[in-house]
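# Structural features, examined
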Amino acid sequence: MAQRPGFPIKLDQQVKATPAKAIAAKLAPAKAVAAKPQAFGMESSAVRQRMVQKLAAQGLKDPMVLQAMGAVERHRFVESALVTQAYEDTSLPIGLGQTISKPNVVARMIELLREGATGKLGRVLEIGTGCGYQAAVLSHIATEVYSIERLKGLHEKARANLRHFRLANVHLLFGDGMLGYPKGAPYAGIISAAGGENLPEAWLEQLAVGGRLVAPTLTSNGHQALMVVDKTAHGFQHSVLEAVHFVPLKSGIS
Ligand code: SAH
């Protein structure tokens, strides 16, 4: 039986003693083992707990959100070359020119979405599924999550990423999120991961009375900021919060 090479393989010794073909044969099993070397340690919940501690130190405090951030394995949503950065507070490319938001921004927006709520939110609509990470986090804080993506490639990527988690309350939709998703309305919360010039009318219509919308939007000075809109029995209340940098909200599908 062929012996499996140790790790790291001592290339120098093998090169001296063995013809090239035999080296390739010996290296093959090591390659298979090393295909996901960066995932070492990521399976452990300790790495996520450290991320949660950092989020708490940054001022995030909703226990349900922190628990959700600690539960979802972010490394399963990024390319293998980026896995070592999965729990750092950084946004990362997810393909087709789009990015997964930093953990701090995801947690902050979901904390805003949940503000004042006791227990889980009801139905939540997410615009911009991307790789599906935020949808997975939302599945811990809402009874049903409807997440819509306009790029077919990412919609499919999210479906593949989320399969592992078997989240029965996440519904992935392919379409233009600027139109919302009337079939799931009214929503207790609407959260957008892409920033437009204005808030689409459909979102405001599909928000339940007592519901809240959190979305990056251009402000009057031309910068993007987080916008929070509460729908009350007496109309809408808007607040403009901190500056953010989200990918643009685009209409149509592609
Ligand atoms: N929540 C995502 C972040 C993805 S980035 C994650 O966890 O990975 C924002 C996403 O919004 C991009 O994938 C982009 O294609 C999508 N998007 C932009 N405009 C959209 C629209 N009108 N409808 C649906 N998705 C849209």
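You'll find the structure just up there.
One structure accompanies this document, and this report is about it. Here, residues in each chain are numbered from 1, in the same order as that chain's written sequence. In view of the model being predicted, local features appear only for residues whose pLDDT reaches at least 70, and side-chain atom pairs are presented and counted only at 80 or more, with totals across whole chains, interfaces and linings using the full set of residues. Side-chain figures throughout are based on the complete set of non-hydrogen atoms in the structure, without hydrogens or water.

### Side note on the packing of helix H3 (residues 45-57) against helix H4 (residues 63-71)
A pair of packed helices can be characterised by two numbers: the angle between their axes and the separation between those axes. To be explicit about the condition: For helices, the fitted line uses only the C-alpha atoms of the stretch in contact; every axis is such a line through C-alpha atoms, and the angle between N-to-C directions lies from 0 to 180 degrees. Numbering of helices and strands starts at the N terminus; helices are DSSP runs of H or I of at least 4 residues and strands are runs of E of at least 2. Angles below 35 degrees are treated as roughly parallel, those above 145 as roughly antiparallel, those between 65 and 115 as roughly perpendicular, and all remaining angles as oblique. By definition, turning the near helix anticlockwise from the far helix through less than a right angle yields a left-handed crossing, and turning it clockwise yields a right-handed one. What makes two residues a contact is simply this: any of their non-hydrogen atoms within 4.5 Å. We call Asp, Glu, Lys and Arg charged. Ala, Val, Leu, Ile, Met, Phe, Trp, Tyr, Cys and Pro are nonpolar, and the rest, Gly among them, are polar.
Put simply, H3 and H4 touch, their axes get as near as 8 Å, and they point 150 degrees apart. Between H3 and H4, the interaxial angle falls into the category roughly antiparallel. Crossing handedness for the pair H3 and H4: right-handed. The residues of H4 that touch H3, namely those facing Arg48, Gln49, Met51, Val52, Leu55 and Ala56, are Leu66, Met69, Gly70 and Ala71. Across the contact of H3 with H4, the residue classes tally to seven nonpolar, two polar and one charged.

### With respect to the sheet that holds strand E9 (residues 224-232)
Threshold: Strand pairing requires that DSSP identify at least two bridges connecting the strands.
With respect to topology, seven strands assemble into an open sheet ordered E5-E4-E3-E6-E8-E9-E10, the strand pairing being mixed. The sheet is open, and its two borders are formed by strand E5 (170-174) and strand E10 (235-243), each paired with just one other strand. Along the sheet, successive strands turn relative to each other by an average axial angle of 15 degrees, direction set aside. Here five bridges tie strand E4 (residues 142-149) to E5, and the two strands are oriented parallel to one another. If you follow Ile148 over to E5, its bridge partner there is Leu173. Those strands touched by helix H5 (residues 103-114) are strand E3 (121-127), strand E6 (187-192), strand E8 (207-218), E9 and E10, and its axis lies near 150 degrees from that of E8. Sitting on the sheet, helix H7 (residues 152-163) touches E4 and E5, and the angle it makes with E5 is about 160 degrees.

### Describing the site of the ligand
To keep things clear, this is the line we draw: We define proximity as follows: a residue is near a molecule or strand when any one of its heavy atoms falls within 4 Å of that partner. Polar contacts, as used here, are pairs of N or O atoms within 3.5 Å; protein pairs need one atom able to donate a hydrogen and one able to accept it. Residues neighboring in sequence count only if both atoms are side-chain atoms.
Thr99, Glu149, Asp176, Gly177 and Lys250 are the nearest of the 27 residues found near the ligand. Contacts to the ligand include Gly128, whose backbone N or O atom sits 3.1 Å from a nitrogen atom. A distance of 2.7 Å separates an oxygen atom of the ligand from a polar atom in the side chain of Glu149. Those elements that place two or more of their residues in the shell around the ligand are strand E2 (98-100), E3, helix H6 (133-138), E4 and strand E11 (247-248). Here the element with the most residues in the shell around the ligand is E2; it accounts for three residues. Here the residues of the shell around the ligand are counted per class, giving 14 nonpolar, eight polar and five charged.

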